[in-house]
Amino acid sequence: YEFYSTYLGRDSIDGAGMTLVSTVRYCPPESPDGNSPPCPNYPNAFWDGTQMVYGAGFAKADDVVAHELTHGVTERTSRLFYFFQSGALNESMSDIFGEFVDQTDGVGDDSYDAKWKLGEDLGVVIRDMKNPRSTDQPDWTGSDKYINGIDPTFGYLDDGGGVHTNSGVGNKFAFLITDGSTNFRNYAIRGLGIAKAAKIIYGAAQLLTTASDYSAFAAALKQSCASLKAASTVTTDDCNQVTKAISATGLTLSPANAKERATPLACAAGYEVLSLVQEEL
C-alpha cells in the first residue's frame, strides 16, 4: 500500500482506499487430482478477486505479497485477460511491482545476488527477472525459451498459454530500464532507477486494455514516457533508454515460437467453453 501511495499516488488496490484483506495458511478443500490436499503446506499464493490468499509461509515473502496485490490492481485497471501474451503481461506486472516493493521496503534479503529474484525469502527462486533464462523463461520475444503455450500432444492450453513462462520478456524489460545493462543483445542501456521506472511502467499499464499484447505494451510505454517528459518527471534521454529496452527485448516483434492453432478450440453442439481463471504466483 505504501509503495503504491508514495511512488505512484494510488490509494490501495482500487485507487479508492479499498481495505486490504489476506488469508494465510490456506489449504484447498481437495486436490485437483482427487488426492488429499497438500495441507497444511499449500505451496502457492493467489488473488481470488477480493483478497490475497497464501499457503503456509508464503506471506513472509514481500515480493509474493506485492505480486498478488498487483493482480488486484491489474483487475481494476487494464483487466489483462489471463491468456497468452495478455496473460504474460498480467503476470509480468505482478512480478515487476512485487520486486519494486521488495527492493524498497527494507525487508528481507535485498543483496546483489538476491536482487531481482522472486521468492528468495521462501528459500527458492521462482523466477529471476535479471536473468530469466536461468529459470527457463525467455528474456526477449525471439528467445528459444519463449513457448507457444499449447501442449504439443493433446492440444490443450498449457498454463493459460504460457503466462508464467513468457512473462520473462516483460520482466527483463523492467530490469533493463531500472538497473541497465552494458550489453544485452548489443544494446547498452542506462538504468533509470525504481522511482522513474515504476512511474513509466505504471503509466503504461493504465493505457492497456484486456487483450493488450507486448506490442501494445511497447506503444503504451512510449506514450507514458512522453507524458512524464511533458510533466518534467523524466528526460528525453530517459525515454531513449526505454526505446532501447523495448528493442532489446523485442516487444514489438512477433515471437517465432508463438504458433497459433490451425483451428480454434470448439465444443460439441449444445455446449459452450467455460474459462475458469485464478491468478496464481
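What counts, and at which threshold
- Residues numbered from 1 in each chain as written.
- Predicted model: local features only at pLDDT ≥ 70, side-chain atom pairs only at ≥ 80, totals over all residues.
- Heavy atoms only, no water.
- Disulfide = S-S within 2.5 Å.
- Helix = DSSP H or I, 4+ residues; strand = E, 2+ residues; numbered from the N terminus.
- Buried < 20%, exposed > 50% of the residue type's maximum accessible area, 1.4 Å probe, protein only.
- Axes fitted to C-alpha atoms, helices over the stretch in contact; angles between N-to-C directions.
- Parallel < 35°, antiparallel > 145°, perpendicular 65-115°, else oblique.
- Left-handed = near helix turned anticlockwise from the far one by under 90°.
- Contact = heavy atoms within 4.5 Å.
- pLDDT = per-residue confidence, 0-100.
- Core = buried A, V, L, I, M, F, W, Y, C linked by side-chain atoms within 4.5 Å.
- Phe/Tyr/Trp six-rings, centres within 6.5 Å; stacked < 30°, edge-to-face > 60°.
- Lys NZ or Arg CZ within 6 Å of the ring centre and 35° of its normal.
- Expected span 1.5 Å × (residues − 1).
- Polar contact = N/O pair within 3.5 Å; in protein donor to acceptor, adjacent residues only side chain to side chain.
- Salt bridge = Lys/Arg side-chain N within 4 Å of Asp/Glu carboxyl O.

If you walk through the whole model with that rule in mind, you get 1 disulfide. Across the disulfide, C225 is cross-linked to C239 (sulfur-sulfur distance 2.3 Å). Here the S-S torsion is close to -105°, and the disulfide linking C225 with C239 is therefore left-handed. You can see C225 sitting in helix α7 (residues 214-230) and its partner C239 sitting in helix α8 (residues 236-249), a full 14 residues away along the chain. For the pair shown, C225 and C239 are each scored as buried.

The subject of this paragraph is the packing of helix α6 (residues 194-205) against α7. Viewed as axis vectors pointing N to C, α6 and α7 meet at an angle of 120°, and their least axial separation amounts to 8 Å. The angle between α6 and α7 places the two elements in the oblique class. The crossing of α6 and α7 is right-handed. Taking contact as the criterion, the partners of K199, I200, I201, G203 and A204 in α6 are, on α7, F217, A220, L221, S224, C225 and L228.

What follows concerns the confidence of the model for the protein. In low-pLDDT segments, the atomic positions of the prediction should not be examined closely. Confidence in the prediction of the protein, expressed as mean pLDDT, is 91, and 90% of residues score 70 or more. Segment residues 260-264: pLDDT under 50, and 2 contacts once partners within four positions in sequence are set aside and those in other chains are kept.

What follows covers the nonpolar core. Formed by 58 residues in total, the largest nonpolar core has its most connected members in F97, F100, F173, I201, F217 and L221. In terms of residue count, the dominant contributor to this core is α6 (8 residues). Each residue touching F100, except ones within four places of it in the same chain, is listed here: F3, W116, T178, I194, A197, A198 and I201.

To continue, consider the packing of aromatic side chains. For the structure on display, the rule yields 15 aromatic pairs. Measuring from centroid to centroid gives 6.2 Å for F3 and Y4, while their planes differ by 90°, and the two rings are edge-to-face. Like F3, the residue Y4 is buried in the burial classification. Among the aromatic residues, ring-to-ring pairing joins F3, Y4, Y7, F97, F100, W116, F175 and Y202 into one connected group. Over the ring of F184 we find K172, and its NZ or CZ is 4.5 Å from the ring centre.

Right, let's talk about helix α3 (residues 84-104) for a bit. Here α3 is 21 residues long and its end C-alpha atoms lie 30 Å apart, about the 30 Å a rise of 1.5 Å per residue gives. Within α3, 19 of the 21 residues are buried, leaving the element largely enclosed by the surrounding structure. Where α3 ends, the next residue or the one after it, G106, has phi of about 70°, a positive value.

Locating Q85 in the fold gives a position in helix α3. Under the relative-accessibility criterion, Q85 is labelled buried at 15%. Along the backbone, Q85 and S212 are 127 residues apart, and their C-alpha atoms lie at a distance of 7.6 Å. Discounting residues that sit within four places of it in the chain, Q85 has contacts with Y146, S212, D213, Y214, S215 and P255. In this structure the side chain of Q85 is engaged in a polar contact, spanning 3.2 Å, whose partner is the side chain of Y146.

Despite not being glycine, F84 shows a phi value in the positive range, around 50°. Within the secondary structure layout, F84 lies in helix α3. On the basis of relative accessibility, which here comes to 26%, the residue F84 falls in the partly exposed class. Positive phi, close to 50°, is recorded for R185, a residue that is not glycine. Topologically, R185 is positioned in the loop between β6 (180-184) and β7 (187-190).

Taken as a whole, this structure holds 9 salt bridges when the rule is applied. A salt bridge links D136 to K145, with the nearest nitrogen and oxygen atoms 2.9 Å apart. By relative accessible area, which is 25% here, K145 ends up partly exposed. Among the charged side chains, a network of salt bridges with common partners joins R190, K196, D237 and D238.

If you trace the backbone, S86 turns up in helix α3. Among residues more than four places away in sequence, those in contact with S86 are L80, F81, T210, A211 and S212.

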